[in-house]
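Here are the chains, one letter per residue:
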Amino acid sequence: MKSTSSKWRALVGAAVALAMASVGTASPAIAATTLKKGLKVFVVPKNLGNSYFTTADSVKTGGALLALKQLGEVGQETSGTTDTPASQLPVIQADITKGANALIISGTDPNALCPTLNAAMKKGVTVVTYDSDTNCRDLFVNQASPQGLGNIEVQMIAKEINPKQPTAAAGQIAIVSASISDTNQNTWIKYMKQELTNYPHLKLVKVVYGNDDTATSVQVTQGLLSSYPNLKGIISPTTVGIAAAASVLDTPKYRGKVRLTGLGTPNEMKKYVADGTLSEFALWNPADLGYLAAYAAVELASHAITNAPGQSFVAGKLGRYKVGADHTILLGPPFVFTKANINKFNF
Amino acid sequence: MQPEAALPAVGATPRPPATLTQSPREPRPTSLSGKFRWALHWESALVVALVLTVALGAATSAEFLTVSNIFSNVCLLYGELAIMALPTTLIILSGEIDLSIASTLALSSSLVGYLSSNHWPMPLVIIVALAAGIACGLLNGLLVTRLNLPSLAVTIGTMTLYEGISEIILGPAIITSFPAAYTAIGVKAFPATGGLLSYSAVLFIVLAVVFGVVLHATPFGRSVVAIGWNKQAAQFAGIRVKRVKTALYMLSGLMGALAGILYTFRLSTAEADNGTTLILPVIAVVLLGGVSIFGGKGTILGVVLAVLVYCSLQSALLLTNFNSNALEIVTGALLLLSVLIPNAGEIAARARRFAGGHGTSAPSAKGGRPPASAQ
Amino acid sequence: MSPAPSATGPVQGRGPQPVEGHGAGNPGQPSSTLTWSSRRLLDAILRVREVGIVAVLVVFVAVATSVQPRFIDPQNIKFVFSNAIIYALLALGETVVVLSRNVDLSVGSVLGLSAYLSSDLFSQVHHIPIVAVFLAGLAIGLACGAVNGAVVAVARVPSLVVTLATLYIYRAIDVLIVGGGMVVASTLPGAFLSIPTSSLGPIPYLAIAVAGTVAVGAYVLASFRPGRELYAIGSNPDAARLAGIPMGKRIFWSFVVSGGIAGLAGVLWAATYGTIDSTAGLNYELTVVAAVVVGGVNIFGGSGTVVGAALGALLLATINQALYVLGISSFWDPAIDGALIVLAISLDHWITLRLTRALRKGAVQHAT
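The rules behind these values
- Residues numbered from 1 in each chain as written.
- Chains lettered and ligands numbered in written order.
- Predicted model: local features only at pLDDT ≥ 70, side-chain atom pairs only at ≥ 80, totals over all residues.
- Heavy atoms only, no water.
- Pairing = 2+ DSSP bridges.
- Helix = DSSP H or I, 4+ residues; strand = E, 2+ residues; numbered from the N terminus.
- Axes fitted to C-alpha atoms, helices over the stretch in contact; angles between N-to-C directions.
- Contact = heavy atoms within 4.5 Å.
- Expected span 1.5 Å × (residues − 1).
- Buried < 20%, exposed > 50% of the residue type's maximum accessible area, 1.4 Å probe, protein only.
- Phe/Tyr/Trp six-rings, centres within 6.5 Å; stacked < 30°, edge-to-face > 60°.
- Disulfide = S-S within 2.5 Å.
- Parallel < 35°, antiparallel > 145°, perpendicular 65-115°, else oblique.
- Left-handed = near helix turned anticlockwise from the far one by under 90°.
- Domains from an automatic or database assignment.
- Buried area = accessible area lost by both parts, 1.4 Å probe.
- Salt bridge = Lys/Arg side-chain N within 4 Å of Asp/Glu carboxyl O.
- Polar contact = N/O pair within 3.5 Å; in protein donor to acceptor, adjacent residues only side chain to side chain.
- pLDDT = per-residue confidence, 0-100.

Asker: Whenever I open this one, the sheet that holds strand β3 (residues 102–105) of chain A confuses me. Can you help?
Answerer: Two modes of strand pairing occur in sheets, parallel and antiparallel, and in both the strands are linked by backbone hydrogen bonds. Residues and elements named next belong to chain A. One open sheet accounts for six strands, arranged β2-β1-β3-β4-β5-β13; its pairing is parallel. Looking at strand neighbours, the two that pair on one side only are β2 (74–77) and β13 (328–330), the edges of this open sheet. Sheet twist, expressed as the average angle between the axes of neighbouring strands with direction ignored, equals 20 degrees. One ladder, built from four bridges, connects β3 with strand β4 (residues 126–130); its direction is parallel. In the sheet register, L103 faces β4, and the bridge partner there is V127. In the packing of helix α13 (residues 286–301) onto the sheet, contacts are made with β3, β4, β5 (139–142) and β13, and the angle to β4 comes to roughly 165 degrees.

Set out below in structure tokens:
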């Protein structure tokens with residue numbers, strides 16, 4: 001699996017990472033020598049049983065737990081079973097009680113976890129968020145810039161609708177989002193609307209919400225198709241939504257006529273890319289996201305770096321990263337999956 | 001993700017009449033002789049379970065019995081669930097059920113968020129939320145008692161309805177700023193308890209005492225149990241069944257709203273579906289406490305013990321490396337055991353007969369109004 | 001099938017008794033005392049009740065169509081059917097259980113377990129025939145149903161408690177097996193994925209098959225002894241026991257049927273959605289029970305038909321689809337659903353009340 005990740009990295013060719021990609025954990029960087037070993041680090045995704053987070057966290061996929069293992073820390077993935085603060089909070093509190101040195105959290109809510117996390121930080125526990133930020137943490141590892149994601153999704157749908165001259169793409173488009181209160185989704189949609197001003201003939205007619213539930217996402221997509229018979233394209237910036245929308249469009253009636261793009265995982269989309277339901281979509285590598293978050297957490301917990309903007313460290317195979325504004329680290333630009341490269345990935 | 005929805009069932013109906021073989025007052029007879037019966041009292045079994053759970057927790061983690069663990073991992077997390085278990089106990093005792101109490105929590109939380117974000121003074125917000133809870137309960141009570149609808153079906157409907165109203169009130173908004181004085185109620189320890197007990201835990205203790213006294217030592221409480229045993233007999237005895245039941249539903253709405261306020265302050269977040277996943281655990285805890293789903297049998301003490309067993313088991317398992325995916329198996333297994341163990345002897349006998357090919361009579365889950373038959 | 005009424009066990013069946021406010025005629029008497037004419041009247045009204053659901057459906061479709069003419073577009077009709085299929089199947093199984101005064105809350109979890117395990121076979125066993133996958137799903141469902149049925153019938157534990165517990169347990173087993181993985185569409189054969197989408201005009205073949213299954217179910221329940229005995233158990237357990245009906249066996253098998261149907265529905269779920277993780281069928285139990293209740297099945301057993309329940313599922317699916325097609329804010333969705341359920345059971349109660357009065361009147365007239 002490690003080879004997949006490094007292959008992926010090579011393909012992305014992210015400027016920040018490329019030069020250091022081969023350095024690996026044996027990096028002679030000074031910071032590496034000062035990292036503490038045996039730290040108790042808990043990785044807390046939004047919920048367990050979610051394949052996106054399993055990819056981000058597991059040793060097998062090259063995620064957060066692999067990085068922790070390589071650094072000699074004691075890593076463990078814990079979370080609740082549903083994507084709610086009420087389910088995640090008991091686990092976080094238990095982790096703190098168990099003597100966590102660092103927590104790597106994808107927040108189910110920007111505020112609800114704060115009393116607990118603030119108390120933990122006061123006690124000296126390092127709190128790093130990944131995937132989904134909270135208003136209380138030392139550092140946020142951001143998968144991609146919201147603006148970059150918003151832009152690329154609009155660019156992709158324009159290209160799908162009018163491959164020859166994307167800027168002249170014309171017609172109605174709609175968005176199948178996750179939940180209406182999902183801050184990530186709403187930020188991306190805001191940037192999509194901004195980018196759409198560059199495409200005067202594309203008209204966003206509706207944003208619908210499938211709650212990241214397969215059956216609901218299928219229904220809202222069907223509702224769109226029924227109420228907008230001239231719909232030209234759908235953008236779904238969520239992995240559950242794009243797979244559900246693809247399953248609806250995967251019939252002779254719609255295949256190739258209503259275009260689809262968004263954020264998806266290669267495994268879920270392979271069938272639909274192969275049969276022409278859609279031709280490209282984007283995502284970051286979730287395993288790299290977890291891997292980077294793990295390095296950031298260990299660097300902070302070892303006091304090798306602080307969370308001040310401008311601090312930098314080497315995140316193993318991913319290379320050197322710098323803390324940016326608002327104590328945020330950016331993983332890199334999103335990667336576009338196409339028919340040509342999709343079979344090289346397995347997550 | 002949507003909350004785990006739920007829908008237990010119980011009848012809008014009376015106790016079964018006494019049968020030839022069994023007194024209705026002993027729905028769970030034991031086959032052991034009387035002098036050992038005390039040992040089988042469900043409460044005693046729960047005390048043993050509690051001791052075992054605490055021993056398990058203490059054995060797995062030195063942190064388990066610390067003040068900070070008890071405060072933050074037991075008291076704080078399960079306060080709302082515990083409070084909702086109290087009125088649910090009374091309702092199940094009366095032979096009904098209220099599946100909408102967790103949705104009332106959500107509705108109350110939404111109201112608190114919406115009104116306080118519109119700069120209403122907090123005391124007024126709290127009063128409105130509690131009143132809304134009572135109104136929700138009143139609607140349930142009227143539908144059940146005046147229209148004679150089965151409470152299982154009614155509260156499946158209002159469970160969805162109240163959560164729906166909650167979504168209409170708050171929409172996509174998530175309200176997160178509340179006065180610090182109030183969020184402190186949600187996260188700080190109650191004064192003079194040595195940092196051990198949360199406000200919700202103190203409230204639960206007080207309420208449990210009040211509910212216990214009301215249930216076991218007042219005419220009202222006795223009438224609740226009487227209705228659960230045998231509604232007709234209760235009626236003949238002059239108990240105003242409809243009034244008592246409506247009052248119970250209003251109480252349930254009130255407690256749901258109170259739990260909603262505490263929940264909002266604890267997480268300092270008001271969201272449309274707050275707490276709706278709590279409904280199954282609430283029912284599970286009450287049944288684990290030895291309350292008969294048919295009504296008429298059960299004690300507040302049993303439910304309080306069940307709350308303690310449930311919370312300390314969850315907390316202990318979280319401190320181990322137990323797969324949290326499997327925590328729900330524990331809830332399910334506890335629930336099954338709570339109904340199987342008291343009948344173990346008879347079940348074994350019946351299983352032999354059943355396997356031997358003889359038909360046996362079987363139970364029903366729900367009380368029943370005599371329905372129009374298609375036969 | 002000789003009955004052996006238990007002499008020692010606590011009899012938990014709900015005894016016949018008039019209920020406050022119902023003013024029920026003489027419910028203590030077995031239904032066999034009903035006169036022929038009153039039975040015909042009853043049949044007629046029951047038939048009217050299904051017509052009632054159809055009428056509500058027609059009115060609803062008419063209103064939706066007048067607002068958005070594309071609501072009766074063939075493609076939209078196809079969408080409605082495809083969404084109703086799984087719920088209609090589950091409602092069929094649930095009705096069999098509810099008729100005998102029980103309830104099966106575990107159907108969503110059984111569906112989830114079967115959906116993952118059966119569809120995963122395609123990548124575990126190369127070139128496995130699709131029929132074998134359906135049989136595997138069926139077997140998983142039957143096994144889950146048998147556990148529910150055995151505990152309910154043998155231990156005589158309320159089915160509400162048992163299936164609430166197995167709702168947790170089956171789902172947890174599913175989550176443990178699936179872990180963070182999922183079955184993705186590229187591992188499923190095209191022929192499998194096209195099962196739900198192939199259609200005769202706007203009507204999916206699958207909808208026709210489900211309608212056929214419901215019709216067979218209705219016939220069996222109405223015309224064969226085990227089916228009629230379920231009604232008898234639900235309408236009056238004590239009388240049913242005295243009449244020598246093997247209640248334990250009947251109830252056991254009703255859970256097996258419900259489980260088996262949920263298992264099959266799981267395979268169809270996998271074919272419909274193509275991406276299967278451990279959340280398949282989460283929270284379905286509420287909707288299924290709602291469909292059964294809306295379809296006019298008495299939640300306390302004894303009356304109602306699988307046709308009504310299936311129509312209830314179709315009505316709920318139509319309403320949901322209308323909310324999306326008409327672009328009504330999705331925030332209103334649960335509130336409308338909830339109000340509808342309350343309305344449906346109130347209406348059901350009103351009809352039952354009328355029916356009871358009419359029956360009593362008929363019986364009195366007959367007697368004089």
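Asker: Quick question: what am I supposed to make of helix α5 (residues 122–145) of chain B here?
Answerer: Each α-helix winds once per 3.6 residues, and so residues spaced three or four apart point in a common direction. Along its 24 residues, α5(B) runs 34 Å from first to last C-alpha, staying within 8% of the 34 Å computed at 1.5 Å per residue. Taken together, the buried positions of α5(B) are M122(B), V125(B), A129(B), A132(B), G133(B), C136(B), G137(B), N140(B), G141(B), L143(B), V144(B) and T145(B).

Asker: Teacher, can you tell me more about the pairing of strand β10 (residues 280–283) of chain A here?
Answerer: Moving residue by residue along a regular strand, the side chains alternate between the two faces of the sheet. Residue and element names in this part refer to chain A. By the alternation rule, side chains of β10 split into E280 and A282 and F281 and L283, which are all buried. The pairing of β10 with strand β14 (residues 335–338) spans four bridges and is antiparallel. Within β14, the position partnered with E280 by the bridge is T338.

Asker: Would you mind showing me how to read the packing of aromatic side chains here?
Answerer: What describes a pair of aromatic rings is the distance from one ring centre to the other and the angle between the planes of the rings. All names here are of chain A. Per the stated rule, a full pass over the model turns up 21 aromatic pairs over all chains. An angle of 75 degrees between the planes, with centres 5.0 Å apart, marks the rings of Y52 and F53 as edge-to-face. For the pair Y52 and F53, one class covers both residues: buried. Here F345 and F347 contribute two aromatic rings whose centre-to-centre distance is 6.5 Å and whose plane-to-plane angle is 75 degrees, an arrangement assigned as edge-to-face.

Asker: Before we go on, may I ask you to explain the state of the cysteines in this structure?
Answerer: Summed over the entire model, instances satisfying the criterion amount to one disulfide over all chains. Here C114(A) engages in a disulfide with C136(A); their sulfurs sit 2.1 Å apart. Judged by the sign of its S-S torsion, about -90 degrees, the bond between C114(A) and C136(A) is left-handed. Here C114(A), found in helix α7 (residues 114–122), pairs with C136(A), found in the loop between β4 and β5; they are 22 residues apart in sequence, far enough to count as distant. Classification of C114(A) as buried rests on a relative accessible area of 10%. Relative accessible area serves as the criterion here: at 3%, C136(A) is assigned to the buried category. No disulfide involves C75(B); its sulfur sits 8.5 Å from that of C311(B), the nearest cysteine. For C75(B), a relative accessible area of 11% corresponds to the buried category.

Asker: Help me understand the packing of helix α11 (residues 239–249) of chain A against helix α12 (residues 266–274) of chain A in this model?
Answerer: Between two packed helices, both the angle of their axes relative to each other and the distance between the axes serve to describe the pair. Residue and element names in this part refer to chain A. The interhelical angle for the contact between α11 and α12, taken along N-to-C directions, is 25 degrees, at an axis separation of 10 Å. One element, α11, and the other, α12, form an angle in the roughly parallel class. Judged by the twist between their axes, the crossing of α11 over α12 is left-handed. On α12, the residues touching T239, I242, A243, A246 and S247 of α11 are E268, M269 and Y272.

Asker: Could you clarify how one ought to interpret the packing of α5(B) against helix α11 (residues 241–267) of chain B in this entry?
Answerer: Residue and element names in this part refer to chain B. Closest axis-to-axis distance for the α5/α11 pair is 7 Å, and the angle between their directions is 145 degrees. Between α5 and α11 lies a crossing of right-handed hand. Across from M122, I126, A129, L130, G133, I134, G137, L138, N140, G141, V144 and T145 in α5, the residues of α11 making contact are K242, K245, T246, Y249, M250, G253, L254, A257, L258, I261 and F265.

Asker: What should I look at first to understand the domain arrangement of chain A in this one?
Answerer: Quoted interface sizes are often the accessible area lost when the parts come together. All names here are of chain A. Under the domain assignment used here, chain A contains domain 1 (2–143 + 285–332) and domain 2 (146–283). For domain 1 and domain 2, the distance between their C-alpha centres works out to 30 Å. On the side of domain 2, six residues touch domain 1, which itself brings nine residues to the contact. Between domain 1 and domain 2, a total of about 480 Å² is buried, with carbon and sulfur atoms accounting for 50% of that surface.

Asker: How should I be thinking about the interface of chain C and chain A in this particular structure?
Answerer: With 28 residues of chain C in contact, the opposing surface of chain A contributes 29 residues. When chain C packs against chain A, close to 2400 Å² is buried across both sides, 60% of that on carbon and sulfur atoms. For the chain C face of the interface with chain A, the top three residues by lost area are F79(C), Y273(C) and Y324(C), together amounting to 23%. At the junction of chain C with chain A, the criterion picks out zero salt bridges. On inspection of chain C and its partner chain A, the count reaches four residue pairs in polar contact (both at pLDDT 80 or more). For the side of chain C that touches chain A, the secondary structure elements donating two or more residues are α2 (74–99), α10 (247–273) and α12 (306–325) of chain C.

Asker: Got a minute to help me understand the confidence of the model for chain C in this structure?
Answerer: Keep in mind that low pLDDT regions are not for reading the predicted coordinates in detail. Residues and elements named next belong to chain C. Within chain C, residue pLDDT values average 84, and 85% of them lie at 70 or more. Predicted confidence is poor over residues 1–33, with pLDDT under 50, and the contacts of this stretch with residues over four places away or in other chains come to 93 contacts. Across the assembled chains, the prediction reports ipTM 0.80 with pTM 0.82.

Asker: What exactly am I supposed to notice about the sheet that holds strand β6 (residues 171–177) of chain A here?
Answerer: All names here are of chain A. Pairing within the open sheet is parallel, and its four strands lie in the order β7-β6-β8-β9. Looking along the sheet, the strands with just one partner apiece sit at the ends: β7 (202–209) and β9 (259–262). If you compare each strand with its neighbour and ignore which way they point, the axes differ by 25 degrees on average. Here β6 runs beside β7; their pairing, made up of seven bridges, is parallel. Bridging from a neighbouring strand, I173 pairs with L204 of β7. Docked against the sheet, helix α10 (residues 214–227) engages β6, β7 and β8 (231–236), running at close to 145 degrees with respect to β7.

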